[in-house]
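A look at the structure
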Amino acid sequence: MEDIQFNQLGTIKELFIYFLIAASIILGLVAFFTAYYSWKYRKRKDDEQEPEQIHDNKKLEFSLIAVALSLVTLFFVLTINGMNKIQDIPEDPHPDILITGHQWWWEAEYSEDGLITANEIHVPTGKELIIQFNSDDVIHSWWVPAIGRKMDLVPGVDNYLSVKVEKEGIYWGSCSEFCGAQHGWMRIRLIAHSPEDFERWKRRQLEPKQRLDEELFKKGEQLFSSKACTSCHAISPTASIPAVGPNLANFGSRKYFLSNIKLNTEINLKAWLRDPGKVKSSAKMPDMLLDEDQIAALTHYLENLK
Ligand code: HEC
Ligand SMILES: [Cu+2]
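Here is what the cut-offs are and how they apply
All residue numbers refer to positions counted from 1 along the written sequence of the respective chain. To label them, take the chains in the order written and letter them from A, then take the ligands in the order written and number them from 1. Local features in a predicted model are, by the rule used here, given only for residues with pLDDT of at least 70; side-chain atom pairs are given and counted only at 80 or more, and totals for whole chains, interfaces and linings are based on all residues. Calculated side-chain values reflect all of the structure's heavy atoms, with hydrogen atoms and water omitted. UniProt positions are given in the numbering used here, feature names are shortened, and annotations may be inferred rather than shown by experiment. Any residue with a non-hydrogen atom lying within 4 Å of a molecule or strand is treated as near it. Here a polar contact means two N or O atoms within 3.5 Å. Within protein one must be a hydrogen donor candidate and the other an acceptor candidate, and residues neighboring in sequence count only if both atoms are side-chain atoms. The helix count covers DSSP runs of H or I at least four residues long, the strand count covers runs of E at least two residues long, and both are numbered beginning at the N terminus. Each residue is assigned to one of three groups, with Ala, Val, Leu, Ile, Met, Phe, Trp, Tyr, Cys and Pro labelled nonpolar, Asp, Glu, Lys and Arg labelled charged, and all others, Gly among them, labelled polar. Residue ranges for the domains originate in an automatic or database domain assignment. Because water is not among the atoms used, a metal site may look incomplete, as its donors are only the N, O and S atoms within 2.8 Å, or 3.2 Å for Na, K and Ca. A four-donor site is called tetrahedral if each angle lies between 85 and 135 degrees; a four-donor site is square planar, and a six-donor site octahedral, when trans pairs exceed 155 degrees and the remaining angles lie between 65 and 115; all other cases are labelled irregular. Only protein chains enter the accessibility calculation, which uses a 1.4 Å probe; a residue whose area is less than 20% of its type maximum is buried, one above 50% is exposed, and one in between is partly exposed.

The name given to the protein chain in an unreviewed UniProt entry is cytochrome-c oxidase, with Autumnicola tepida as the source organism. We quote the UniProt Sequence similarities (unreviewed entry) comment for the protein chain here in full: "Belongs to the cytochrome c oxidase subunit 2 family." On record in UniProt, under Subcellular location (unreviewed entry), the comment for the protein chain is "Membrane".

What follows is the structure in structure tokens.
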């Protein structure tokens, strides 16, 4: 694979500069001739002679059409060329990560070991990654401006994007295709680690979670099944179903939740469990009608899954 496809931003920027130059020249010419002819054909005093009136000039008209056509052709070719460069995905792509859009959160599955996580998306640096996109409901669009171009998530269609993140750090992005009430808050948090740290993170996520030998933890665990949370949330890090809501296997290890709009703190989680609609209006999680003791137990349980 050539490296060029990973330089999507460079390709897009180059194309933008060409368009900008051409558009500036045309704007300059139009502005100049508008001003010049307004002056030349300005209103005269009665005794002054009018400049010569021109009615048609086939040569000039045809050359203008030729210039316009060649510009359109040139930019058509440049655009197609740029599109090819940034969309050079192999015939039979083996995606490293599968990202699924949901109203209103992101799901990520790592194909190598089946690890599934939500909202906070971890990647290794220096590696050419192929990401596959799909949607569970409506069209969403992935965009993390600092690391590459946009890609739509369309139900029933697999789209691919190749990215290579050079620098470790945290990159923010958001959904860029209107997808309903909470579209504006469908934030992406991409965390790029060194390859070693990434492997460490993955191993940690896949480890069976330690069960605390505590009343409250056990009560939370038991409520998680008896309150039917399991009908929407998987609690094993490799379970893809049910994916109505985010996989909660490693919930306590995430810094943010609810597509990265809320810090993952005890207070915020309790508020969410008390009344989801109040924290994120229209959210697809119903009010589970929990009492304060149940909320405390579930919170303790989920925050200790890390
Ligand atoms: C009908 C399906 C459904 C049920 C039942 C349900 N949830 Fe949810 N839950 C969701 C959806 C959908 C979201 C994602 C909301 C969003 O971000 O827009 C969610 C989000 C969450 C989150 C935040 C996860 C994250 O990373 O953002 C937690 C924690 C959570 N639910 C806990 C629970 C608990 C505990 C129960 C049981 C008492 C429960 N849920 C029952 C659908 C459900
Ligand atoms: Cu969206």
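1. Things to note about the site of ligand 1
Taken together, 25 residues form the shell around ligand 1, and within it Cys229, Cys232, His233, Leu258 and Met285 come nearest. Between ligand 1 and Arg254 there is a distance of 2.9 Å, counted from an oxygen atom to a side-chain nitrogen or oxygen. A distance of 2.6 Å is found between an oxygen atom of ligand 1 and a backbone nitrogen or oxygen belonging to Leu258. Elements with a contribution of two residues or more to the shell around ligand 1: helix H5 (266-274) and helix H7 (292-303). Take the shell around ligand 1: its biggest share by element is 3 residues, from H5. Along the lines of polarity and charge, the residues of the shell around ligand 1 split into 19 nonpolar, 3 polar and 3 charged. When residues of the shell around ligand 1 are assigned to domains, at least three fall in each of domain 2 (97-206) and domain 3 (215-303).

2. Describing the coordination of the iron atom of ligand 1
Within the protein, His233 (NE2) and Met285 (SD) serve as the donor atoms for the iron atom of ligand 1, at 1.9 to 2.1 Å. For the iron atom of ligand 1, the 6 donor atoms in the first shell make angles of 89 to 179 degrees at the metal, a pattern classed as octahedral. A residue pair is termed long-range when its members are at least 10 positions apart, and His233 in the loop between helix H4 (215-226) and strand E11 (256-257) and Met285 in the loop between helix H6 (276-279) and H7 qualify at 52 residues. On the basis of relative accessibility, which here comes to 12%, the residue His233 falls in the buried class.

3. Some points on the coordination of the copper ion (ligand 2)
Here the copper ion (ligand 2) is held by His140 (ND1), Cys175 (SG), Cys179 (SG) and Met186 (SD), and the distances to it run 2.0 to 2.5 Å. Around the copper ion (ligand 2), the 4 donor atoms sit at angles spanning 94 to 127 degrees, and that spread fits a shape best called tetrahedral.

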